[in-house]
Structure formats: C-alpha cells, structure tokens
Amino acid sequence: MTKIGNTLIISFIIFSCILLSFIIFSCMLTPVIGAAAENEIRIADNAGDWGYPSPYLAYGRGPGYLRMHFIFDTLVWKDETSDLIPLLAEDWEYIPEEEVYIFNLVNNAKWHDGEPVTANDVAFTIDYMKEHPYGWVMLDSVDRAEAVDEHTVKIYMSDSYAPFMEDIGGTMPILPEHIWKYVENPMDYVDTDAFIGSGPFKYVDFSKEHGTYKYEAFDEYYLGKPNVDQLIYVKTADTQMALQLGEADLASIKPDMAETLTEEGFVVIAGPHYWNKNLMINHNKEPLDSVVFRQALAYAIDQDEFVNKSLRGYGKPASHGLISSDSQWANPDVLDYPYDPDKAKEMITSLGYELEDGLFTKNGKALELEVLVSMIGTGGQSMPDRDGEILKNQLEKVGIQIELISLETKIVDQKVINWDFDLAISGHGGIGGDPKILYEKVIQVPGTKTSPNTARYNKSEELNNLLDDLMHEMDPAKRQEAVFEAQNVYARELPAISLYYPTWYYAYNPDAGVEWFYTTGGIAKGIPIPQNKIAMMRSNAQGDGGIEQTPMQATDNAQDTPMMPFLGVFAILAAFYIKRSGSKRNI
C-alpha cells in the first residue's frame, strides 16, 4: 500500500474518532442544554378536573381556586407566615373615619395581552362582582370603588368589614375591564380571553377529559419572570408513584412513606390541620332538625376511632366549634362531646323513640338514616374511604339503622346542595384562616353560588348575631370574644359535625428548583395546600413587591454554550490533519 493510502486511512480513523467523540459529547450535553432552556414543574393530582382556570368557572373547592390563582393576581397576598405582602398593590391604608381603603397600584403591571393594569380594572372588578357575585368573596359591605388616578383606587365601605384585607384584598382576583365589560354571563364565558390575567403564569391549555392543566411563565410579569418556564398539572391514579417515577415534582404522599421518600432524596413537608373531615346534616328533616338529636349523634361518634383506623394515627380529633385547633382563633375551651354511647341513647329516648332489639323505633317505624359517602379522601390519595363503615358501626351501636350510599364526590356535593340527603361525609379546608369561615359554613352568602360545605343553618338567633359581630367588629379584642363565643354556640347547635383533622404530607423533588411550603392559615382565605405561587419566584432578587426575584439569564446564545470550546478544538484538529494529508500527497 502506498504512503498516501496509509495516510488517508490514518486520517480517516482519527477523523472518525473525533467525530464519534463529538457525537457522544453532544448527547451528554443535550439534557443539560435542554434543562437550561426550559425549566418545567409538574404537579401530580388525583382528581384532575377542577374546572376551567378562570374566576367564575373554577370548581368551588380549594384546588379549583389554586388552578386559577396562577393566572389572576389579587391586590395583596400571603407569605409563609400569613403576613400580607404587596402584589398588584404596592401599598395601602384604611381610613376608619371615612370607612375607605386606599390602594396604590404598581405602575408596571400588565395583562397577559400587553394592556396595562390600572385602577379602573380594580374598580370595575368590584362593580362586576357586585352584579355577578363571586363565591369566594363577599362584597355586601362594599358601597363602591373609585379610580382616583391611573394607579390609585379607593374602595368605599357601606359597613365595617373585619375580614376585608384577607377576603377582598387577598382573595378577590382582579379582572381586565377591557375584556370582561363585554361579558354578560361569566358562567358561560370560556373564550380564550377568559384566561387573560396579570399573574405570573399564562394559560396554555386545559383538558377536561384528561384532567391536565398547562401554564407558561409570563415574561413581562411586573415582579419579574418566575423561575419556572412551564407549570403542568398531571392527573394520575397514584400521586406518590408519579413522584417516585419522576413523572411529577410535587405530590401528596401517604404519611407512612415520609421516611422512605426522605431517604430517596425528596423533601417531605407535613401540613398543619387546616382541613376537616365532617358530617353534613340535613337539618330540615326529622329527627335531624332537633338540636338534641344532633347532640346525640355527636356523643355516638368516637373521633379517636376515625383517627386510628382511617388515618392510622396521622391526624387528630376535630373541634366541634369548626375552627381548627391549630388556628390562632381557636377557642381552647369550646364545648365538647366525649364518646358516650349510653348518653346518646338516653338523648334519643327523650325524643320519644323506643329501643327494641337494639334498634330505635317511633310509632312503629324504625329510625333509619342514609349516609352519602365518596372518595373525598385525605391528601388526594385514591384509597378506599373507611369513614362510612366506621360511622355506620358507631351509629348502629346506639340503635340507628344506617344505609351507606357511595357516589362520586361531585354527585354527593350536588345532592347536599339540593337537600337530597340525610347525612353526608364530606370535608373542606379554610378552617385555619380568618374566622369568617364560621359565617361561610353556617350561612349561605347572599347572592353567591351554593356551597356543598355550607350548612345553610339560620335557626339560632344567638349564633346569627355572633356571626354578624365577627364579620363587622373592627376591634381585635372584641372580635376575638365574638369568635370564641360563636364557636361555643356552633358546637351546641351542630349545623355540621367535624370528625377529624388529617395530617397531610407532601413531597417534592428539590432538584426541580422550587422550595414548596405550607402557608400559615392557608393560601388566600385558607386553602391548606402547599402550592403558593410565590414559591416559584423565590430565587429572584428582592423586588418592589417584597418577593425575591431576578430575571432568568438567557442561555440560547450559541457562542456561550459549553460545546463551543470543543467545536473549536475539533475544527483545529480537522484542519491540521487535512493539511498534513495534503502535504504528504505532494512528497
């Protein structure tokens, strides 16, 4: 073989080795470059469909509000400790003499379509929600709102309203006037513009069929672009498994897996007791319309058995005063009903029932109640709900015949709303935030969509008066007195019976770049789920709004990629061997 042939073969081998190295190196770098270009957070959810993520169409439970809150901002917000921090409003004040709130808005906020956010939008939102009541806030005490200038709005009150800052300031989503002023029926509005807000994320997609949600970061967000490019909710039968398989970055987990997941490198957070499993009662039907009978039910219920069997010890008995015992508003001496089946039987007997062969009867008719149950399990886990069977056994021990009816949660909710039930095992959060929750879970807020967790109970004038006091008393000490006494009267009347507080556990992947946390008192008006949107803005420099944020650095400039030094070496070596080969051909 000639020297030229040998040289060509050697050059080809060296060139092939360099090329192979280049391919391998490129493959190694591809995930790094992809991760730098797009940071995605995936949240696992067991239910999936929580309604369209717009204010009026999100399902009326906490997860529905959370789907919406990434898109629509409020005037103020809560940090981890429940302190109010600025969002659309950079500062605010209340003038008691005039009963007026003044909010000064940030001057660089934009809607997702590029239009500026102004005081007119805030005033419009107040007017619109007074005309089209929004179930998450009460505006009965608001007289009107007025835009003083482009970034200053005054909200005039017709009456004092103690929960104003948390309820209206920190829960009411602000709507873009230039879009919503044309919307006559917000419950039918599903056009693309319905999802234009001013929040840190823009709406991309919602699949009702698959229960998935997709959002993307708003580059022009007034507090700085979030440190997450995409936020996705994925529906999965087992949220914990999705986390362990890398299909999700945040998920609710089974409590007994906390230690295992910690060892696997996940961060596990245990939540406060701001959610209660409860027994809804149709107090319009006999004998449930009797306070004595409802108290007998409370004595017949062994809360400890629920905690030990349903929660395997991961939780605690609930207060009969509704407000969470973990809340700063909890009455430590609220009326209680220690488990006493004999007392329960005695109270039922006092209502004219006779106990025959272990079953109460009256006028020859057995005392029988239907109990609706569903898969409204704790922590989003898809597990059989044992509460129905436990309740059935406890109530049958005191002579009440029970028929269990298992249905989808939304069907149970609708039956409760329609008064088509006797008893229903349900649950809700909000019991760790402002004590306004007592009002909302007893009295249907006028003009708002009926909630399946509201007892709609107005048979106690004393309770009604106390609820009115806790809504309007502006003196903190006097308000606390009203709140404490309202819990006692609630526990006496028992519009519903709280059973227990589960201890919820969530776990997240710290490598995904978001440090999730529980918000003291719950998100907004008390949602006990660790998905506060400010968690996705925490790696940024301190901004005017008090949230740490810094714009993400661009990484799409080719001359700055880590492959460039290698490409340079490759080019030099290739040129060298081509030249050397050419020189030998001339020998």
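See the structure printed just above.
K.L.:
Where do I start with the overall build of the chain in this structure?
P.N.:
When its secondary structure is counted, the chain shows 16 helices and 22 strands. Looking at the chain residue by residue over its 587 residues, the buried ones come to 53%. Considering only contacts in the chain between residues 6 or more positions apart, those separated by 24 or more positions represent 71%.

K.L.:
Help me out: how do you make sense of the packing of helix H14 (residues 461-472) against helix H15 (residues 476-493) in this one?
P.N.:
Packed helices, taken two at a time, are described by the angle their axes make and the gap between the axes. Relative to each other, H14 and H15 sit at 150 degrees, their axes nearing to 9 Å. In terms of orientation, H14 and H15 fall into the roughly antiparallel class. Taken as a pair, H14 and H15 cross one another with a handedness that is left-handed. The segment H14 lies against H15, with Glu462, Leu463, Leu466, Asp469 and Leu470 engaging Arg479, Ala482, Val483, Glu485, Ala486, Val489, Tyr490 and Arg492. Its residues assigned to classes, the contact of H14 with H15 shows 8 nonpolar, no polar and 5 charged.

K.L.:
How should I be thinking about the pairing of strand S22 (residues 505-508) in this particular structure?
P.N.:
Within a regular strand, the side chains alternate between the two sheet faces. Burial of S22 is two-sided: the residues Tyr505 and Ala507 facing one way and the residues Tyr506 and Tyr508 facing the other way are all buried. Note that strand S11 (residues 250-253) and S22 share 4 bridges and pair antiparallel. Each bridged residue has a counterpart across the sheet, and for serine 252 the counterpart in S22 is tyrosine 506. Summarising the sheet, strand S12 (residues 267-270) and S22 pair through 4 bridges and their orientation is antiparallel. Across the sheet, alanine 270 pairs through a bridge with tyrosine 505, a residue of S22.

K.L.:
Would you mind showing me how to read the side chain of serine 207 here?
P.N.:
Considering the arrangement of structural elements, one finds serine 207 in strand S8 (residues 201-207). Taking relative accessible area as the criterion, serine 207 reaches 15% and is therefore assigned buried.

K.L.:
Help me understand the packing of aromatic side chains in this model?
P.N.:
To describe a pair of aromatic rings, one takes the distance between the centres and the angle between the planes. Counting across every chain of the model gives 28 aromatic pairs. Between tyrosine 65 and tryptophan 136, the ring centres sit 4.8 Å apart and the planes meet at 40 degrees, which makes this aromatic pair tilted. Within this pair, whereas tyrosine 65 is found in helix H2 (residues 62-69), its partner tryptophan 136 is found in the loop between helix H3 (119-131) and strand S6 (142-149), the two being separated by 71 residues in sequence. Both residues of the pair, tyrosine 65 and tryptophan 136, count as buried.

K.L.:
How should the pattern of salt bridges be read in this particular structure?
P.N.:
When charged atoms on two side chains of opposite charge get close, those side chains can pair. Considering all chains together, one arrives at 26 salt bridges under this definition. The shortest N-O distance in the salt bridge between aspartate 413 and arginine 61 comes to 3.0 Å. Of this pair, aspartate 413 sits in helix H12 (residues 409-417) while arginine 61 sits in the loop between strand S1 (40-45) and H2, placing them 352 residues apart in sequence. Glutamate 305 is paired through a salt bridge with lysine 309; the nearest N and O atoms lie 2.8 Å apart. Of this pair, glutamate 305 and lysine 309 both sit in helix H9 (residues 303-309), 4 residues apart, which is roughly one turn of that helix.

K.L.:
When you look at helix H11 (residues 387-397) in this model, what are you seeing that I'm missing?
P.N.:
Residues separated by three or four positions in an α-helix point in the same direction, a consequence of the helix having 3.6 residues per turn. Residues Asp387, Gly388, Ile390, Leu391, Gln394 and Leu395 constitute the buried set of H11. Along H11, the residues classed as buried sweep out an arc of 160 degrees about the axis, all on the same side. Once H11 finishes, glycine 399 follows within two positions and takes phi at roughly 95 degrees, a positive value.

K.L.:
Even after reading the chapter, I still don't get the environment of serine 82, so can you show me in this structure?
P.N.:
Looking at the secondary structure, you find serine 82 in the loop between strand S2 (76-78) and strand S3 (84-86). Expressed as a C-alpha distance, the spacing of serine 82 and glycine 526, which sit 444 residues apart in the sequence, is 9.8 Å. A polar side-chain atom of serine 82 sits 3.2 Å from the main-chain carbonyl oxygen of threonine 520.

K.L.:
Even after reading the chapter, I still don't get the sheet that holds strand S14 (residues 315-317), so can you show me in this structure?
P.N.:
Sheet strands pair via backbone hydrogen bonds, and the direction of the pair is either parallel or antiparallel. Pairing is mixed across the open sheet formed by 6 strands, whose spatial order is S14-S21-S13-S20-S18-S19. Of all strands in the sheet, those bounded by a partner on one side alone are S14 and strand S19 (401-406). When the angles between neighbouring strand axes are averaged without regard to direction, this sheet yields 25 degrees. Bridge analysis of strand S18 (residues 368-373) against S19 gives 6 bridges, and the strand direction is parallel. Note that in S19 the partner of glutamate 368 across the bridge is glutamine 401. Docked against the sheet, helix H8 (residues 291-300) engages strand S13 (276-281), S18, strand S20 (423-428) and strand S21 (496-502), running at close to 25 degrees with respect to S21.

K.L.:
How should I be thinking about the nonpolar core in this particular structure?
P.N.:
One recurring pattern in soluble globular proteins is that nonpolar side chains are buried together. If you look at the biggest cluster of nonpolar residues, it comprises 119 residues, and the most contacted ones within it are Leu75, Phe103, Ile155, Phe164, Trp180 and Trp516. Ranked by the residues each element gives to this core, the list is headed by H3, at 7 residues. The contacts of phenylalanine 103, once residues within four sequence positions are left out, are Leu75, Ala89, Asp91, Trp92, His151, Thr152, Val153, Ile155, Phe164 and Met165. In terms of nonpolar packing, the next biggest core, distinct from the first, is built from 35 residues, Tyr299, Ala300, Val371 and Val373 among them.

K.L.:
I tried to follow the sheet that holds strand S5 (residues 100-105) on my own but got confused; where do I start?
P.N.:
Taken together, 4 strands build an open sheet; the order of strands is S4-S5-S7-S6 and the sheet is antiparallel. Edge positions in the open sheet fall to strand S4 (89-95) and S6, since each of these has one partner strand only. Strand-to-strand twist in this sheet, taken as the mean axis angle between neighbours without regard to direction, amounts to 15 degrees. With 6 bridges joining them, S4 and S5 adopt antiparallel strand pairing. Bridge assignment links tyrosine 94 to a residue of S5, and that residue is tyrosine 101. Against the sheet, H3 contacts S5, S6 and strand S7 (152-157), and its axis sits at roughly 165 degrees relative to S6.

K.L.:
Is there a simple way to think about the packing of H8 against helix H10 (residues 341-349) in this case?
P.N.:
Two elements in contact, H8 and H10, have axes whose closest approach is 8 Å; the angle formed by their N-to-C orientations is 165 degrees. In terms of axis orientation, H8 runs roughly antiparallel to H10. Note on packing geometry: the crossing formed by H8 with H10 is left-handed. Judged by residue contacts, Val292, Phe293, Gln295, Ala296, Tyr299 and Ala300 of H8 engage Pro341, Lys343, Ala344, Met347 and Ile348 from H10.

Cut-offs used in this document
Residues numbered from 1 in each chain as written. Predicted model: local features only at pLDDT ≥ 70, side-chain atom pairs only at ≥ 80, totals over all residues. Heavy atoms only, no water. Helix = DSSP H or I, 4+ residues; strand = E, 2+ residues; numbered from the N terminus. Buried < 20%, exposed > 50% of the residue type's maximum accessible area, 1.4 Å probe, protein only. Contact = heavy atoms within 4.5 Å. Axes fitted to C-alpha atoms, helices over the stretch in contact; angles between N-to-C directions. Parallel < 35°, antiparallel > 145°, perpendicular 65-115°, else oblique. Left-handed = near helix turned anticlockwise from the far one by under 90°. Nonpolar A, V, L, I, M, F, W, Y, C, P; charged D, E, K, R; others polar. Pairing = 2+ DSSP bridges. Phe/Tyr/Trp six-rings, centres within 6.5 Å; stacked < 30°, edge-to-face > 60°. Salt bridge = Lys/Arg side-chain N within 4 Å of Asp/Glu carboxyl O. Arc of directions from axis to C-beta. Polar contact = N/O pair within 3.5 Å; in protein donor to acceptor, adjacent residues only side chain to side chain. Core = buried A, V, L, I, M, F, W, Y, C linked by side-chain atoms within 4.5 Å.

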